[in-house]
Amino acid sequence: MYHDVVENGEFESSGFPGEGANVYKLRREDFERHLDAIQAAVPKGAIATISPEQQAIRPEVYLTFDDGGASAFHPIGGLLEARGWRGHFFITTDCIGKPGFLSADQIRDLYLRGHAIGSHSHTHPVRMAALSRTELDEEWRRSRGILSDILRVDVNLASVPGGYYSLEVGKSAEAARIQALFTSEPTMEVDVLSGCLVIGRYVIQRGMGPEWSAGFAARRRQFRWRQTLLWKAKHVAKRLGGAGYLKVRQAMLEK
Ligand SMILES: [Zn+2]
C-alpha cells in the first residue's frame, strides 16, 4: 500500500496536505528504488491487477495507491508502465479535480492504460468505522457512482480510508456492490463476505527502505511479521489513548 510519489521532495504537491499525510508519501527517486527492488524479488509476471468477479485471488502481487493524489497520473502511472506493470488507484471522489488530486480525465486515462480504479470513499472520513450504517452506505454509494460515471463501467474495487475497517464497513461496501475491499491490516489472509473479498495490505511509509517493498512483495516472513506486530501494538496503544499511540507511531516511522 502506497500513497503519493512526489518530485523534488515537494510533499504538498500531491494528495492530502500536512505531515500526517506526508509520512505516507515517497520521493520519486526512492519510489524507483522500491520498484527496482520489487522487480528483483518477484518472478516475472507476478505484478498484476485483481479480477474480483472471478471471486478468487490469484497468487500475485498487487500494488495499490490510496487517496487519488495527482501523482498517480504523474509520475506513478508511467513508472509502473515502464516496467510493464499496472497499479490499483483508490480515489477519494470528493477530491476529484481539486488542487493536488486527479481530474476526471486523468482517472479515465489511467483506466484506459490498464490500471485498476477503485473507490477510497467519497469524503475520506477520519474514522470510517465510527460512521453510522446510513453514512457508510452513502460514502460507498456516492463514490462508486461517480467513478462508474467517469469510467462508464461498474467500479467494483475499493480501499478503506485511514485503515479503519470493521465488519460493518465491509458489509456496507458489499451492499454497494463492491467486490474487493482492501484494508490496512497487514495480513495475507483474505476474508470472504458473501459478495466481497476483504484483502489485507502492507503499508509503505517514507523512511522505509526498498527492502521493505521487496520483502512484502516476496512474502518474506521477517518483514510481514514485523509489520503485523507493530499493527497489533498500535491497536493496543490506540485503545490506551494519545501518548502511547504517538510513541508507537514514532517508532514505526523510525524503522
Ligand atoms: Zn487515504
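A quick note: this is a predicted structure, and the numbers were derived from the prediction, not measured. (Residues numbered from 1 in each chain as written. Predicted model: local features only at pLDDT ≥ 70, side-chain atom pairs only at ≥ 80, totals over all residues. Heavy atoms only, no water.)

**Thoughts on the overall build of the protein chain**
Right, on to step 1. Check the secondary structure of the protein chain and you find nine helices and nine strands.
Right, on to step 2. In terms of overall size, the protein chain behaves like a compact globule, its C-alpha atoms giving a radius of gyration of 17 Å where 255 residues would be expected to give roughly 18 Å.
Right, on to step 3. C-alpha atoms of the protein chain, sized along the principal axes, occupy 45 × 40 × 35 Å.
Right, on to step 4. In the protein chain, which comprises 255 residues, the proportion classed as buried is 50%.
Right, on to step 5. Within the protein chain, residue pairs in contact and separated by at least 24 positions form 62% of the contacts whose partners lie at least 6 positions apart.
Right, on to step 6. About 11,700 Å² of surface is accessible on the protein chain, with carbon and sulfur atoms providing 52% of the total.
Right, on to step 7. When the 33 positive and 30 negative side-chain charges of the protein chain are each reduced to one mean point, those points stand 5 Å apart. (Helix = DSSP H or I, 4+ residues; strand = E, 2+ residues; numbered from the N terminus. Rg over C-alpha atoms; globule rule 2.2 N^0.38 Å. Buried < 20%, exposed > 50% of the residue type's maximum accessible area, 1.4 Å probe, protein only. Contact = heavy atoms within 4.5 Å. Areas by Shrake-Rupley, 256 points an atom, 1.4 Å probe, with all protein chains shown as cover. Lys, Arg positive; Asp, Glu negative; His and termini not counted. Charge placed at Lys NZ, Arg CZ, Asp CG, Glu CD.)

**Focus on helix H2 (residues 28-41)**
Right, on to step 1. Between its first and last C-alpha, H2 extends 20 Å over 14 residues, near the 20 Å set by a 1.5 Å rise per residue.
Right, on to step 2. Contacts made by the buried residues of H2 are with strand E1 (5-6), strand E2 (26-27), strand E3 (64-67), helix H3 (73-82) and helix H7 (210-217). (Expected span 1.5 Å × (residues − 1).)

**Structural notes on the layout of surface pockets**
Right, on to step 1. Taken as a whole, the largest pocket holds about 870 Å³ of empty space.
Right, on to step 2. Lining the largest pocket we find 38 residues, and of these Tyr24, Gly162, Gly163, Tyr164 and Lys234 sit closest to its centre.
Right, on to step 3. Among the elements of the structure, helix H1 (19-22), E3, helix H8 (221-240) and helix H9 (242-253) are those that each provide at least two residues to the lining of the largest pocket.
Right, on to step 4. Of the volumes computed, that of the second largest pocket is approximately 480 Å³.
Right, on to step 5. Every residue lining the second largest pocket is counted, 24 residues in all, and those nearest its centre are Glu60, Val61, Tyr62, Gly200 and Tyr202. (1 Å grid on protein atoms, 1.4 Å probe; cavity = no way out; pocket = protein on both sides within 12 Å on 5 of 7 lines; lining within 4 Å. Points joined across faces, edges and corners; volume = space filled by probe spheres on them.)

**Quick look at the environment of Ile47**
Right, on to step 1. Structurally, Ile47 is set in the loop between H2 and E3.
Right, on to step 2. Given a relative accessible area of 10%, Ile47 falls into the buried group.
Right, on to step 3. For the pair formed by Ile47 and Pro59, sequence separation is twelve residues and the distance between their alpha carbons is 9.8 Å.
Right, on to step 4. In contact with Ile47, other than residues within four places in its own chain, are Ile38, Val42, Val61, Leu63, Trp85 and Arg86.

**Notes on empty space enclosed by the protein**
Right, on to step 1. Scanning the model with the defined rule gives three cavities of 30 Å³ or more in all.
Right, on to step 2. Empty space within the second largest cavity amounts to approximately 40 Å³.

**As for the coordination of the zinc ion**
Right, on to step 1. Donor atoms from the polypeptide that bind the zinc ion are Asp67 (OD), His120 (NE2) and His124 (NE2), placed at 2.0 to 2.1 Å.
Right, on to step 2. One chain supplies every donor to the zinc ion, and in sequence these donors are spaced D-x52-H-x3-H. Here Asp67 is found in strand E3, whereas its partner His120 is found in the loop between strand E5 (116-119) and helix H5 (133-151), with 53 residues between them in sequence. The pair Asp67 / His120 is uniform in exposure class, with both members buried. (Donors = N, O, S within 2.8 Å, 3.2 Å for Na, K, Ca; no water.)

**Re the environment of Val155**
Right, on to step 1. Relative to the assigned elements, Val155 resides in the loop between H5 and strand E6 (157-159).
Right, on to step 2. Classification of Val155 by relative accessible area gives buried; the value is 3%.
Right, on to step 3. The contacts of Val155, once residues within four sequence positions are left out, are Ile117, Gly118, Ser119, Arg144, Leu147 and Ser148.

**Comments concerning the packing of H5 against helix H6 (residues 167-175)**
Right, on to step 1. Between H5 and H6, the shortest axis-to-axis distance is 9 Å and the interhelical angle comes to 45°. One way to sum up the angle between H5 and H6 is to call them oblique. Handedness of the H5/H6 crossing: right-handed. For the pair H5 and H6, contact is made by Arg133, Leu136, Asp137 and Trp140 and by Glu168, Val169, Lys171, Ser172, Ala173 and Ala175, respectively.
Right, on to step 2. By residue class, the composition of the contact of H5 with H6 is five nonpolar, one polar and four charged. (Axes fitted to C-alpha atoms, helices over the stretch in contact; angles between N-to-C directions. Parallel < 35°, antiparallel > 145°, perpendicular 65-115°, else oblique. Left-handed = near helix turned anticlockwise from the far one by under 90°. Nonpolar A, V, L, I, M, F, W, Y, C, P; charged D, E, K, R; others polar.)

**Section: the packing of H2 against H3**
Right, on to step 1. Direction vectors running N to C along H2 and H3 enclose 25°, while the axes themselves pass 11 Å from each other. On the basis of their axis angle, the class for H2 and H3 is roughly parallel. Once H2 is placed against H3, the crossing between them reads as right-handed. Seen from H2, the contacting residues are Arg28, Phe31, Glu32 and Leu35; seen from H3, they are His74, Pro75, Ile76, Leu79 and Leu80.
Right, on to step 2. Its residues assigned to classes, the contact of H2 with H3 comprises six nonpolar, one polar and two charged.

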